[in-house]
Amino acid sequence: MYGWGTNNHGQLSKDKKEAPFLATPTLIPELHLSKKIKKICAGSGHTIAISSPGEVFVWGNNNSGELGLGDN
């Protein structure tokens, strides 16, 4: 899986201080080869990925509970 664009909330799974903007598609190493991603949903500040066995991965902004973790 690759991500690019603004990363001001960590929505590209990179440290927002080290990579505030990615101009070109960049590999997301946490999901490379170890997971087969079948669906992706990207909001303006967060990302959700679902693997083929049904695992759900979320990252990015959680100010309004967008990540479904039960907190903000």
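(A) Region of the structure containing the sheet that holds strand β3 (residues 37–42). Ordered by their spatial adjacency, 3 strands build an open sheet running β3-β4-β5, and the pairing between neighbours is antiparallel. In the strand order of this sheet, the two ends are held by β3 and β5 (56–60), each with one partner. Sheet twist, expressed as the mean angle between neighbouring strand axes with direction ignored, is 15 degrees. As defined by bridge partners, β3 adjoins strand β4 (residues 46–51) across 5 bridges and the pair is classed as antiparallel. In the sheet register, Cys41 faces β4, and the bridge partner there is Ile48.

(B) Geometry of the side chain of His46. Its location among the elements puts His46 in strand β4. Once you skip the residues sitting within four places of it in the chain, His46 turns out to touch Gln11, Cys41, Trp59, Gly60, Asn61, Glu66 and Leu67.

(C) The arrangement of the pairing of β4 in detail. Here β3 hands over to β4 after 3 residues, the two strands then running antiparallel side by side. In this structure, β4 lies alongside β5, joined through 5 bridges in antiparallel fashion. Bridging across to β5, Ile50 finds its partner in Val56. Between β4 and β5, which pair antiparallel one after the other, the connecting turn spans 4 residues, and Gly54 there sits at a positive phi close to 100 degrees.

Each value, and the rule that gives it
- Residues numbered from 1 in each chain as written.
- Predicted model: local features only at pLDDT ≥ 70, side-chain atom pairs only at ≥ 80, totals over all residues.
- Heavy atoms only, no water.
- Pairing = 2+ DSSP bridges.
- Helix = DSSP H or I, 4+ residues; strand = E, 2+ residues; numbered from the N terminus.
- Axes fitted to C-alpha atoms, helices over the stretch in contact; angles between N-to-C directions.
- Contact = heavy atoms within 4.5 Å.

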